[in-house]
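Secondary and tertiary structure notes
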Amino acid sequence: MNVKHNVNYFKKSENLKYIGLGIALVGFIMLWVGFGWTSYILATVGLPTGLVLFFVGSAARSSEADIDECIKRETSGIEVSFEGDRHYEKRVLKQFPPVTVEGYEYDDGLMFKKAKNGKIRSSRYTKAVIYILSDRLYISECRVDLVGAPCEKRIVEIKYENLADTEIKREEKRVSFGKNSYAVKTCRLSVSYGEAESWSAPVNDDVGTDALVEKINTAITLFNQERA
C-alpha cells in the first residue's frame, strides 16, 4: 500500500490530468489533419505539453481502481475455518452461514473524496465476517487506514448471555474535508454487550441487513431455549 499516493488521491484533483489529455488530443488532431504551418507548430507544442500535464496529473496519485485493489488486498484472508477446532466446530449453526459486512467509515477527521459514481469514499474502510454460532457471535474484522497505519485485524467474540442489544442504526450527516462538504447516509450494525461495551460496522442498507438482525435474534432465542 502506497500511503503517499493514497493521500494524494484525497488531496489532489484530477483536473490537471484531463486538461493535459485534452490539450494532447487537440494537438494530435491538428498534427494529423494539418492546417498549414501554424497548426503544425501548435501541434508540436501542444502534443508534448499535453502529455506532460497528463503524466504530472496522474503521477504520485492513486486512482479509484488502485484504492479498490488496496482495500481488496488488505482485507483478504479474514475468513475463519472452524473445521478441526473442537472448541468452535461443535458451535457452528449450519442454518446460519457466515455474513460479510463492509463499507467506508464516515467519522469526523477522516479524508473524503467524491468518486466518479457519486459515492463518497473515505480514508478508512471496515470489513467484517460475522459467524453466528450457537452461543456467541464470532467476528473476524479488518479495519483499513488507507492513509496511515497498517491494516488492523482482530477477533471479537460476544457471548449471547452478555449481549444486550442488536440493531441497525441509520443516520444522515455531513462530513467535511478541506474546502469540500458532503452529505452522506450511514447504515451500521451495532451490537451492545457487557458493561457498556459495543461493536459496530458499516453495512449495506437493504433487506438483507434487517434479516441479519433477525438471524442473530433467532440464534439467541435458540440459545435461551437450550439453557431453560
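The structure contained in this document is the topic of the report that follows. (Residues numbered from 1 in each chain as written. Predicted model: local features only at pLDDT ≥ 70, side-chain atom pairs only at ≥ 80, totals over all residues. Heavy atoms only, no water.)

Some thoughts on the side chain of Thr-75
Within the secondary structure layout, Thr-75 lies in helix α4 (residues 64-75). In terms of polar contacts, Thr-75 uses its side chain to reach the backbone carbonyl oxygen of Ile-71, at 2.7 Å. If we skip the residues at most four places from it in the chain, Thr-75 touches Lys-127, Cys-142 and Val-144. (Helix = DSSP H or I, 4+ residues; strand = E, 2+ residues; numbered from the N terminus. Polar contact = N/O pair within 3.5 Å; in protein donor to acceptor, adjacent residues only side chain to side chain. Contact = heavy atoms within 4.5 Å.)

Some thoughts on α4
When the terminal C-alpha atoms of α4 are compared, their 17 Å separation across 12 residues agrees well with the 16 Å that a helix rising 1.5 Å per residue should span. Buried positions along α4 lie against α1 (3-11), β1 (99-104), β3 (120-122), β4 (124-132), β5 (136-145) and β6 (152-159). Gly-77 lies just past α4 and shows a positive phi near 80°. (Expected span 1.5 Å × (residues − 1).)

Section: the sheet that holds strand β8 (residues 180-193)
In space, the 3 strands of this open sheet follow the order β7-β8-β9, with antiparallel pairing throughout. The open sheet terminates on both sides in strands that have one partner only, identified here as β7 (163-177) and β9 (197-202). Neighbour-to-neighbour, the strand axes of the sheet open up by a mean angle of 30°, direction not taken into account. Looking at chain direction, β8 and β9 are connected through 6 bridges and run antiparallel. Residue pairing across strands places Ser-192 opposite Ser-198, the latter belonging to β9. Of the strands in this sheet, β7 and β8 are in contact with helix α6 (residues 207-227), which crosses β7 at around 155°. (Pairing = 2+ DSSP bridges. Axes fitted to C-alpha atoms, helices over the stretch in contact; angles between N-to-C directions.)

Things to note about the packing of aromatic side chains
The final tally for this structure, using the stated rule, is 9 aromatic pairs. Centre to centre, the rings of Tyr-9 and Phe-10 are 5.0 Å apart; their planes meet at 85°, and the pair counts as edge-to-face. You can call Tyr-9 buried: its relative accessible area is 2%. Geometrically, the ring pair formed by Tyr-88 and Tyr-138 is edge-to-face, given 5.2 Å between the ring centres and 70° between the ring planes. In this pair, Tyr-88 sits in helix α5 (residues 86-89) while Tyr-138 sits in strand β5, placing the two residues 50 residues apart along the sequence. Each of the two residues, Tyr-88 as well as Tyr-138, counts as buried. Through pairs of rings, three or more aromatic residues link up here, namely Phe-82, Tyr-88, Tyr-131 and Tyr-138. (Phe/Tyr/Trp six-rings, centres within 6.5 Å; stacked < 30°, edge-to-face > 60°. Buried < 20%, exposed > 50% of the residue type's maximum accessible area, 1.4 Å probe, protein only.)

Some points on the state of the cysteines
Summed over all chains, the structure comprises 1 disulfide. The disulfide that involves Cys-142 links it to Cys-151, with 2.2 Å between the sulfurs. Considered together, Cys-142 and Cys-151 belong to a single accessibility category, that of buried residues. Not engaged in a disulfide, the cysteine Cys-70 finds its nearest cysteine sulfur in Cys-151; these two sulfurs lie 9.3 Å apart. (Disulfide = S-S within 2.5 Å.)

Comments concerning the sheet that holds β4
Strands sit in the order β1-β4-β5-β6 across an open sheet of 4 strands; the sheet is antiparallel. On the outer flanks of this sheet lie β1 and β6, each paired with one strand and no other. In this sheet, adjacent strand axes meet at a mean angle of 15° when their direction is disregarded. Relative to β4, β1 runs antiparallel, the two sharing 6 bridges. Bridge pairing in β4 links Thr-100 to Val-129. Those strands touched by α4 are β1, β4, β5 and β6, and its axis lies near 140° from that of β5. Across the sheet, α6 is in contact with β1, β4 and β5; its angle to β4 comes to roughly 35°.

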